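Per-entry structural report
Each chain, written out:
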Amino acid sequence: MSDVQPNKIPVTVLTGYLGAGKTTLLNRILSEPHGKKFAVVVNEFGEIGIDNDLVVGADEEVFEMNNGCICCTVRGDLIRIIDGLLRRKGDFDGIIVETTGLADPAPVAQTFFVDETVGAKTALDAVVTVADAKWLKDRLKDAPEAKNQIAFADVILLNKTDLVSETELKDVEMRIRAINPFARIHRTQKSDIAIDKVLGQGAFDLDRITAIDPDFLEGGHKHFHDEDMQSFSFASDKPLDPDKFFPWIQELTQREGPNILRSKGILAFKNDPDRFVFQGVHMILDGDHQRPWRDDEAKLSRIVFIGRHLDQKALEAGFRACVA
Amino acid sequence: MAALSSPPSSLTSKLRPVDVGGAVAGVRFLGTTAAFALEGGAVVLAGEEETRVEAHKGAILSVTGDARRLITGGDDGRVVATKADGSTETLFEQKGRWIDQVAVAGDGAVAFSAGKTAYFQPVKGERKSHDFPSTVGGLAFAPKGTRLAVAHYGGASLWFPNAVAKPEVLEWKGSHRGVLWHPEGRFLVTTMQEPALHGWRLPDGAHMRMSGYPSRVRSMAFTNGGRYLATSGSGEVILWPFGSKEGPMGKQPTMLAPRDVRVSAVATHPKDEVIACGYEDGLVLMVRISDGAEILLRAPDGKPVSAMAWRADGGALAIGTEGETAGLLAF
């Protein structure tokens, strides 16, 4: 597991609908002999089978910031818990935050961008979602929380694969891809997975945004178009004008922020030798120049949105209008 | 050598470094002994000699104290009182919980909180508790009488632990994380998750919004007599005027000791309108409010000042940093 950013403690957010296998994964991470120590923030004590004095109970207290950003909800309890855990620095290598089965991952993720202390000393590593291969299809129909967790994920464990056929597995993977074509999907049984596939992902680390390659499985995207949640990716081989792009993306995320769950981009600006990368959670955007474009890579700008009720045509037109 | 016609602008040579060996969570004077509470769980007592007491089996999350006792709350579920002689007493213990906040009253009564539950332990008598709707962000005893201000989401509550009545709620949207009474009990001020303070005028509950900070306010204190509220969070010490019955509304704050580094901690002198002002680079200035005169007390060492306290007679200042350095300065 590599460090997310120097001196910052990596934080992994573990989500998944009730009964998907989250706690099994957590127990596995804590008990495997990897030589790492983790502080764990859980919602229900007693489920963790490991004796660990760094297991902390949380209350999932979500509140809205008073900063005029209507979707800017954060986890107040998490700010306090992480502040407390940081006083025991040296005692652990990473923090794992387990959410309840019905939780929206956004307030958890936003906490790491909104609070100064938390943001300065820790770094969100990835949102890992455990999904039940047998029941996910049903949950995507009746549980908006389950859909949020899939849409938000950087890593998805498609768990309990022993309970379904290969055909059913492919079907559920296509449904996942229709919502989120960017997450890494791993098929598992009893949440059995190598720890380095779950931790140390650097999914929110701007330096590690290497490429944005949507994975549209065998036309599944078209086949299983999700009425409610969509993802769109647009690319341009013509350089963009930063004076057009930034006002557009800021206005867009201000207006459509509640509907945009995640956004990400690698951009080539006119007369700029550097790649510009950004990523966002609802209205909160984080971006920076990353590194010079290499001679052997195409200066292709690509942008991605995952969200609800997004207007594909308007988004694409807005993006195209940013060409210099 | 020429005689000095003006006061010296630096007293750094009088600063005695204290080897605390850990990040300082809070500091108090117990008589002439400075008691440094460390984030890692120990207390370092710096009198004529320095002694180290392992007060907690984990992190110290909150610190308060009176003239005789340093009172700390820890993630080991304990509230511990440490005296200048190095003796400790466990005032409360609940395994598996964190003691997030502690407060002490003038008569020695203690209040503390674990999650949503606030506790009141009188000097004599039974412990009382009350569950608030959300986690307690701050606790403070009123200057007189047995009344507690409890900061939480959506405002603050005034709790009379000896009364049957429900706590009185002062509402204001957002997460309130620290709470302080005006020395005359006329105002209540909270620090918020956003870079702002909120205040209520008591008893009519009129709102006071104090905003414009570039970062969250972590440290605030009223000057002796309560004319000013000194606060951290900006590149200068911000002083809100609380001398009149109206409080600071419609008035501009006074800004002193501007630097290009943010103020991280403030401590008001127990007698005079003088403030010790600590910055994120470890520098500490003593600032006189009347004319803004500054005296350098500590040179910067790159470690953010996290806690400061004056001795009760105003003759000494204890300074602690996040970066495991500390100092004691007697005037």
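Note that the structure is predicted; figures quoted are calculated from it, not measured.

**Comments concerning the overall build of chain A**
Within chain A, the secondary structure is distributed over ten helices and 14 strands. The buried share of chain A, reckoned over its 324 residues, is 45%. Considering only intrachain contacts with a sequence separation of at least 6, the fraction spanning at least 24 residues in chain A is 75%.

**Thoughts on the overall build of chain B**
From N to C terminus, chain B includes zero helices and 30 strands. Here chain B has a C-alpha radius of gyration of 19 Å; the compact-globule value for 331 residues is 20 Å, and the two agree. Each of the three principal axes of chain B carries a C-alpha extent, and together these read 70 × 50 × 30 Å. Within chain B, the fraction of its 331 residues that count as buried is 50%.

**Side note on the confidence of the model for chain B**
Residues and elements named next belong to chain B. Confidence along chain B averages 94 in pLDDT terms, with 98% of residues attaining 70 or more. Every residue in residues 1–5 scores below 50 in pLDDT, and together they form zero contacts with partners more than four places removed in sequence or on other chains. Under the prediction, the complex receives an ipTM of 0.88, its pTM being 0.88.

**Quick look at the pairing of strand β19 (residues 206–211) of chain B**
All names here are of chain B. Judged from the six bridges that link them, strand β18 (residues 196–201) and β19 form a sheet pairing that is antiparallel. If you follow A196 over to β19, its bridge partner there is S211. In textbook terms, the turn of a hairpin is the stretch between consecutive antiparallel strands, and for β18 and β19 this stretch comprises four residues, one of which, G205, has a positive phi near 75°.

**Considerations on the sheet that holds strand β12 (residues 117–121) of chain B**
Residues and elements named next belong to chain B. One open sheet holds the four strands; their spatial order is β10-β11-β12-β13, and the pairing between them is antiparallel. The two strands at the open ends of the sheet, each matched to only one other strand, are β10 (101–104) and β13 (128–131). Taking the axes of each pair of neighbouring strands and ignoring which way they run, one obtains an average angle of 15° across the sheet.

**Section: helix α3 (residues 105–114) of chain A**
Where burial is concerned, most of α3(A) is hidden: nine out of the ten residues are buried. Listed in full, the buried residues belonging to α3(A) are A:P105, A:A106, A:P107, A:V108, A:A109, A:Q110, A:T111, A:F112 and A:V114.

**Some thoughts on the nonpolar core**
Ranked by size, the top nonpolar core spans 105 residues in total, and within it B:F36, B:V266, B:A276 and B:M308 carry the most contacts. In terms of residue count, strand β15 (residues 148–159) of chain B provides more of this core than any other element does, six residues in total. Beyond its immediate stretch of four places on either side in the chain, B:F36 contacts B:V18, B:V20, B:V24, B:V27, B:V43, B:V44, B:A46, B:G320 and B:A326. In terms of nonpolar packing, the next biggest core, distinct from the first, is built from 88 residues, A:Y17, A:I96, A:A109 and A:I150 among them.

**Description of the confidence of the model for chain A**
All names here are of chain A. Mean pLDDT over chain A works out to 87, with 89% of the residues at or above the 70 mark. No element of chain A has a lower mean pLDDT than helix α8 (residues 220–223), at 47, and none a higher one than strand β8 (residues 155–159), at 96. Here residues 217–221 is modelled with pLDDT under 50, and outside its nearest four sequence neighbours on either side it reaches ten contacts, counting other chains as well.

**Considerations on the interface of chain A and chain B**
Facing 13 residues of chain A, the contacting portion of chain B comprises 19 residues. Broken down by element, the residue count for the side of chain A that touches chain B peaks at four residues, all from helix α2 (residues 76–85) of chain A. Across the side of chain A that touches chain B, the residue classes tally to two nonpolar, four polar and seven charged.

**Re the pairing of β13(B)**
Note: β12(B) against β13(B), four bridges, orientation antiparallel. Within β13(B), the residue paired with B:A118 across the bridge is B:H130.

**As for the environment of A:K264**
Residue and element names in this part refer to chain A. Position of K264 among the secondary structure elements: in strand β11 (residues 260–268). Taking the number of C-beta atoms within 10 Å as the measure of exposure, K264 has 21 and is therefore buried. Along the backbone, K264 and P292 are 28 residues apart, and their C-alpha atoms lie at a distance of 19 Å. Every residue in contact with K264, bar those within four places of it in the chain, is listed here: I209, I212, Q279 and V304.

**Examining helix α9 (residues 242–256) of chain A**
Every α-helical turn comprises 3.6 residues, leaving residues that sit three or four positions apart pointing alike. Residues and elements named next belong to chain A. Here α9 is 15 residues long and its end C-alpha atoms lie 20 Å apart, about the 21 Å a rise of 1.5 Å per residue gives. Among the residues making up α9, those that are buried are F245, I249, T253 and E256. Mapping the buried residues of α9 onto a view down its axis gives an arc of 90°, with all of them on the same face. What points out from α9, more than 90 degrees from its buried face, is the exposed set D243, P247, Q250, E251 and R255. Residues of α9 that are buried in the fold lie against β11, β12 (274–281) and β13 (284–292).

**Details of the sheet that holds strand β6 (residues 60–65) of chain B**
All names here are of chain B. Judged by pairing direction, the sheet is antiparallel, and its four strands sit side by side in the order β6-β7-β8-β9 without closing on themselves. A strand with exactly one partner marks an edge of an open sheet, and here the two such strands are β6 and β9 (88–93). Ignoring strand direction, the axes of neighbouring strands in this sheet form an average angle of 20°. Bridge count for β6 against strand β7 (residues 69–74) is five bridges, and the pairing is antiparallel. Considered in β7, the bridge of V63 is made with T72.

**Focus on unusual backbone geometry**
For the peptide bond that leads from B:L202 to B:P203, omega is 5°, which places it in the cis range. For B:P203, the location among the structural elements is in the loop between β18 and β19. The backbone of A:K190 shows a phi angle near 50°, a positive value even though the residue is not glycine. With respect to the secondary-structure elements, A:K190 resides in the loop between β9 (184–187) and α8. According to the C-beta neighbour criterion, A:K190 is partly exposed, with 13 such atoms within 10 Å. For A:S191, which is not glycine, the phi torsion reads 55° and is therefore positive. Mapped onto the secondary structure, A:S191 falls in the loop between β9 and α8.

**Examining the environment of B:F160**
Residues and elements named next belong to chain B. On the secondary structure map, F160 appears in the loop between β15 and β16 (168–181). Given 18 C-beta atoms within a 10 Å radius, F160 is considered partly exposed. Placed 40 residues apart in sequence, F160 and F120 show a C-alpha to C-alpha distance of 9.6 Å. For F160, the contacting residues outside a window of four places in its chain are T146, R147 and A165.

**A short note on the environment of B:E322**
Residues and elements named next belong to chain B. Summarising the element assignment, E322 is placed in the loop between β29 (316–321) and β30 (326–330). For the pair formed by E322 and S9, sequence separation is 313 residues and the distance between their alpha carbons is 26 Å. Other than its neighbours up to four places away in sequence, E322 contacts A23, K303, P304 and S306.

Analysis parameters
- Residues numbered from 1 in each chain as written.
- Chains lettered and ligands numbered in written order.
- Predicted model: local features only at pLDDT ≥ 70, side-chain atom pairs only at ≥ 80, totals over all residues.
- Helix = DSSP H or I, 4+ residues; strand = E, 2+ residues; numbered from the N terminus.
- Buried ≥ 20, exposed ≤ 12 C-beta atoms within 10 Å, placed from the backbone.
- Contact = placed C-beta atoms within 7 Å.
- Rg over C-alpha atoms; globule rule 2.2 N^0.38 Å.
- pLDDT = per-residue confidence, 0-100.
- Pairing = 2+ DSSP bridges.
- Axes fitted to C-alpha atoms, helices over the stretch in contact; angles between N-to-C directions.
- Core = buried A, V, L, I, M, F, W, Y, C linked by C-beta atoms within 7 Å.
- Nonpolar A, V, L, I, M, F, W, Y, C, P; charged D, E, K, R; others polar.
- Expected span 1.5 Å × (residues − 1).
- Arc of directions from axis to C-beta.

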